[in-house]
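Structure at a glance
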Amino acid sequence: MPAPFRSVIERLASLRLTVVLLVLSLVLVVVATLDQVNLGIWAVQEKYFRSFFVFQQLSGSGIAFPFFPGGYLIGGGLLLNLLCAQFLRFTLNWRNVGLHLTHFGIILLLIGELLTGLLSVESHLTLDTGATRNYAEASSSRELAVADITDPDSDRVWTVPLTRLAKSEPIELPGCPFKLVPLQFHQNAHLASRAEAPNAPASPATLGLAGQVVFQPAAPTYRPNEDNTPTTLIELRAPEGPLGTLLASLAIAQPQTLDYAGRTYAISLRRARIYFDFALTLVEFRHDKYPGTEIPRNFSSQVRLRSADGKEDREVRIFMNNPLRHGGYTFYQSGFQNNDRTSILQVMRNPGWLIPYIACVMSGLGLLLHFGITLVGFLARRRAATT
Amino acid sequence: MTLLRVPPSVGATIAAFALTLAGCREQPVRTYNVAKDTPPPPTASADPHAGHDHAAGELPPGHPPIGGAAMAGPTAAPGSVSDSLTWAAPDHWAAKPLGAMRRGSFAPKNAAGEADCSIFVFPASSNPLRANLDRWRGQIGLARLTDEQFATAVTTLDSDGLSFATVDLLGKQPGVDQATRVLGAVLYRGEEAWFFKLTGPDAAVAAEKASFLDFLRTVRPTAP
């Protein structure tokens, strides 16, 4: 191995680096836990753990600067540190099998967490009895959706993440004859009809509901039982000029439609949708109670699963600790509404869900092997000493 | 003692790489085709064409003219009701024209005065009960509910399989001398949150309380 390369590997494999990274991770966990009071669990996960740097905004300015390494950087550092240590010190010796297994288990655990952070998506599927859905709605992600609904069979949909709306740059929609120019974006706002708030200032919107709805920007909420109402004012700009300004908000339930150039477009700000290649129909929701009491005994949803290609058509019962796993998604019984006629399923997609189990088994087995081998060696030495 | 002796070039490279990754997280616009969404229960506004003749490019009543484009709100035509729920208002409640967001609008009138009854529907997910109760309270000058108050603030009215959370609030609107009463009911139904609200001068609303509760009992899901 070239000397400079080995030198770098040795430094990256340093035990001091391990200690520094572990201390940094401890500090990160403590600070993030304390900040949950202000931000709530989802925002804390994004800010502290699923980021390379923790950014802090300078008060009174829009400038954010990185002030602490984030979870990805610390976790990535630990992974690199462990890999380099293994690379330098790996020797194939049966006495070290347990240690190697343990270390590979930890490496796998770190990779698994990275994959979970990058790839896992949590969403919810709300089904009324008899209703059929082929998509779930993301728990914490919202999107602006523009759909060309002209054709009778299918819609052409463009979805814009809200992070793009927070910037004032025009947003091109490939294949769409107009583009979106965000004029205002508010992470949270209160909406009211003009009738409810007759003295509110005039709305700048000119399209759709236009002045019939007024809004008031509000401070974002991070309480776990409250939801923000993201609201945006966007200008629709065609090649010949602006078409007008539209108010879109999570509080406006139904899409607002626009006729332009012979086609009809439906625009809405909604929970981000995750489409499946199958559909679920709620056949029955059961909320069983112990006889003579109001104490719940069981919640369960009988659902009919039909694949898009028609090859699969079966009924499944989802209940506590017995989720439905299908197509890479896991559906858990999560809640119910409307006098037991609506079931809420939590939908998880986590391609790396097995990795932590495998990693823990590997590490546990490795520790067992290592301590077993050490114990056997110790007992053999003691027996030899006594005889 | 130097704790770590990583060459500056290595540190700078790692930092630059991480910052680059951190800066490259802008999500793109997604484009896809999807089959028509037909989520039950249907509502009048689920069909974006409801109440509007797009072929003729007709604008909704009172809509400002838009050059080259016709934009239509999701409202049902005045006088219609939602397809998802039906109700029967008392005879002495005069129906009022629907605004863009009202699904029902009535003017209960009695010897004590005239009140306003409105029916709205919003996504349940972004309209938690407590936030809405606080909003109603704020409109008549009442403070937000404490945790203890919230626990006892709501009276449940069960009717035909529907469960309404009802409140009776009395306060004073800023700048208005007489007391204002709000009788409110919230119904969570699937992804929809339905808001039934009777508001107006205290005496006029109080006289309509029994009628309002009877009115809630007439609310039914539309037969499939």
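To keep things clear, this report deals only with the structure shown in the data block.

Conventions used here
- Residues numbered from 1 in each chain as written.
- Chains lettered and ligands numbered in written order.
- Predicted model: local features only at pLDDT ≥ 70, side-chain atom pairs only at ≥ 80, totals over all residues.
- Heavy atoms only, no water.
- Helix = DSSP H or I, 4+ residues; strand = E, 2+ residues; numbered from the N terminus.
- Contact = heavy atoms within 4.5 Å.
- Areas by Shrake-Rupley, 256 points an atom, 1.4 Å probe, with all protein chains shown as cover.
- Phe/Tyr/Trp six-rings, centres within 6.5 Å; stacked < 30°, edge-to-face > 60°.
- Buried < 20%, exposed > 50% of the residue type's maximum accessible area, 1.4 Å probe, protein only.
- Lys NZ or Arg CZ within 6 Å of the ring centre and 35° of its normal.
- Patch = residues over 30% accessible without salt bridge, like charges linked within 9 Å, V, L, I, M, F, W, Y side chains within 5 Å.
- Salt bridge = Lys/Arg side-chain N within 4 Å of Asp/Glu carboxyl O.
- Pairing = 2+ DSSP bridges.
- Axes fitted to C-alpha atoms, helices over the stretch in contact; angles between N-to-C directions.

1. A short note on the overall build of chain A
Within chain A one finds six helices and 17 strands. A separation threshold of at least 6 residues defines the contact pool for chain A, and within that pool the share at least 24 residues apart is 53%. In the structure as shown, chain A presents an accessible area of about 19900 Å², 61% of it carried by carbon and sulfur atoms.

2. A look at the packing of aromatic side chains
If you walk through the whole model with that rule in mind, you get 23 aromatic pairs over all chains. Ring geometry for W136(B) versus F195(B): centroids 6.2 Å apart, planes at 85°, classification edge-to-face. In this pair, W136(B) is assigned in helix α2 (residues 129-139) and F195(B) in strand β11 (residues 192-201), connecting sequence segments 59 residues apart. Judged by relative accessible area, F195(B) falls into the buried class, the value being 3%. Taken together, the ring pairs in this structure connect W87(B), W93(B), F106(B), F164(B), W194(B), F196(B) and F215(B) into an aromatic cluster. Here the guanidinium or amino end of R325(A) rests over the ring plane of W353(A), the centre of that ring lying 4.4 Å away. The ring of Y329(A) carries R349(A) above its face, with NZ or CZ at 5.0 Å from the centroid.

3. Quick look at a nonpolar patch on the surface
All names here are of chain A. Residues L15, V19, V23, V27 and V31 make up a contiguous nonpolar surface patch of roughly 410 Å² in combined accessible area. Examined against the element boundaries, V31 turns out to sit in helix α2 (residues 15-49). V31 gets classed as partly exposed once you look at its relative accessible area, which sits at 35%.

4. Considerations on the sheet that holds strand β9 (residues 231-238) of chain A
Residues and elements named next belong to chain A. Here we have three strands laid out as an open sheet, ordered β6-β9-β10, and antiparallel in their pairing. Single-partner strands in this sheet number two, and they are β6 (179-186) and β10 (241-249). Averaged over neighbouring strand pairs, the angle between their axes works out to 20° when direction is ignored. One ladder, built from eight bridges, connects β9 with β10; its direction is antiparallel. Residue pairing in the sheet places A238 in a bridge with G241 of β10.

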